[in-house]
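Close look at the chain arrangement
Here's the letter readout for the chains.
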Amino acid sequence: MRTKIFLLPFLFIWLFTPNVFSQDQEKAIRNTFHTISSNDLLHDAAVLTSPKYGGRLSGSPGYLLAAQWVADELKKAGVKPGLSDGTYLQYFPNAYSVVHSPGSLTLLPGKKNPRKEYHFPDDFFPGSNSASGTVSGEVVYVGYGISAPELGYDDYRNIDVKGKIVLMETGVPYGTNDSIQQKWEPYSYHRYKFSHAREKGAVGLLYVSMIANPNTSYLKGFVYAHVGDSVAEALFEGSGHKYAETKAAITKILQPNSFVLDRKIRISASTTYYADSRSCNVIGVIEGSDPVLKEEAIILGAHLDAVGSPGCLFPGALDNASGSVDILAAARALAASGVKPGRTIIFAFFGGEECGLYGSRKMVESPVWPKEKVVCMINLDMVGNGTGFQLANGKTFPEILRYFEDANNRYLHRDFGSSLARVSYSRPRTDGAIFDKAGYKTLHLYTSGTVKTVYYHHPLDNVEALTPEIMEDAAKLLYLGVLGLANEKKAGLK
Ligand SMILES: [Zn+2]
């Protein structure tokens, strides 16, 4: 009796497992499965994060070299070029700036405060698209830096910022994901905030956000830097206001509260702006082996770019060398697999994600495969730190999710979660969101159960911040899940 109860769960899994492969095929699949190794994944992540590629800022020579490395690796693996002209690289315009040094941030001496020098990277990050030069002036706190008359909200009401340096929050003061958020969305872009501050006459900006971010505008003569909360708190001293309380009150009652701070600051930056640069996606394809199913394609995507070297190398290991090398390892396995995918598999390594999702937009606007023949798009972003998996949106697409759940249940035994797709009213933040908006069935793969400190857009996001075992299993999950999905005999899965 005990034995029978013990066997029940196995019987259950067997009955509900997608029955795609024969025993011989399973054996061949296992052979390839075991060739995926964390050693190789870590090696590839070390290559992509090396100083040679300069932090892979999209549009920069370092990024273009990294893209070529990925294209060469795809070619070596037998993955064919994904573009109709027989190349791997899909180009698009991508202006970028080189940051030559951290620059400096100085609190100038005043009646009530001594001079203070702030330090990179603990106190400030240089602006990725700051103009080169030095600005100094009185600091004005402008909350979120938004003028939205239709929402009855104006951070610049009754405040003059001409010739001043504004201290500004990122994002919008409204935090709920609903239709009201949609009205705030146009004001959530860094580019809007920067341009608006300049239109109001500010000469410089301190952005309260300690993440390097190239998704901003270069504005001639406009110098800016990123600062942490501690600098904001110090600038508030003597103003009669407390920084954290002021910010919290703005978001709570949706009422601006801007005022002049009794502090003067100087920001210096050393940059060069390249307006006419271009960048690229790297796209490879494994043509399906089934004469009918091959017309349908599965897209795996991950952004290859990172934030470059604003002040020093920002390696971009977790974000997103991890997702890139997971896909690369899956591509090698799928290409070498004894059991060939019946459907076509497309591998997309996006450029320009950090600059504003340029690469995924390009691929959606100039598709390499007819959209109506794409089964699904699976995006990987930050898949390299943790003990489990989350395949977001999977519960909305159970016909896709089942292959990945099955792969995990039978071979990987990791914590595995999923969720229903939900409408997001905020600005798109991942390449997957661009495909989602364009009407593709889109799933997002993440690692869950974070075990190491996450250094997001930070110099310490290096290979030490990765857990290679979960990357090995992510590649294995992709290999098995995609192979199952690609060989499901039912045509028209989508
Ligand atoms: Zn990312």
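Attention in this report is confined to the structure presented alongside it. (Residues numbered from 1 in each chain as written. Predicted model: local features only at pLDDT ≥ 70, side-chain atom pairs only at ≥ 80, totals over all residues. Heavy atoms only, no water.)

**Some points on the nonpolar core**
As a rule of thumb, soluble globular proteins bury nonpolar side chains together. Val282, Phe347 and Phe404 are the most contacted members of the largest nonpolar core, which totals 71 residues. No other element matches helix H14 (residues 468–487), which puts twelve residues into this core. Phe347 has contacts with Val79, Val282, Ile283, Gly284, Ile286, Leu300, Ile327, Ala331 and Leu334, leaving out every residue within four places of it along the chain. Counting residues in hydrophobic clusters, the runner-up holds 36 residues, among them Phe124, Tyr174, Leu235 and Phe236. (Core = buried A, V, L, I, M, F, W, Y, C linked by side-chain atoms within 4.5 Å. Buried < 20%, exposed > 50% of the residue type's maximum accessible area, 1.4 Å probe, protein only. Helix = DSSP H or I, 4+ residues; strand = E, 2+ residues; numbered from the N terminus. Contact = heavy atoms within 4.5 Å.)

**A word on the pairing of strand S20 (residues 415–418)**
Relative to S20, strand S19 (residues 388–392) runs parallel, the two being bridged by four bridges. Paired with Leu391 across the strands is Ser418, a residue of S20. With helix H12 (residues 398–412) bridging S19 and the parallel S20, this β-α-β connection has right-handed handedness. (Pairing = 2+ DSSP bridges. Right-handed = clockwise from strand over helix to strand, strands pointing away.)

**Some remarks on the side chain of Thr32**
With respect to the element layout, Thr32 can be found in helix H2 (residues 23–33). Sequence-distant contacts of Thr32, defined by excluding residues within four places in its chain, comprise Ala333, Ala336, Ser337, Gly338 and Tyr479.

**Some thoughts on the pattern of salt bridges**
In this structure the tally under the stated criterion is 16 salt bridges. When the shortest N-O distance is used, the salt bridge between Arg410 and Glu26 registers 3.4 Å. Residue Arg410 is found in helix H12, and its partner Glu26 is found in helix H2; the two are separated by 384 residues along the sequence. A salt bridge links Glu138 to Lys164, with the shortest nitrogen-to-oxygen separation between them at 3.6 Å. Taken together, the residues Glu138 in strand S7 (residues 133–141) and Lys164 in the loop between strand S9 (153–154) and strand S10 (165–169) connect sequence positions 26 residues apart. (Salt bridge = Lys/Arg side-chain N within 4 Å of Asp/Glu carboxyl O.)

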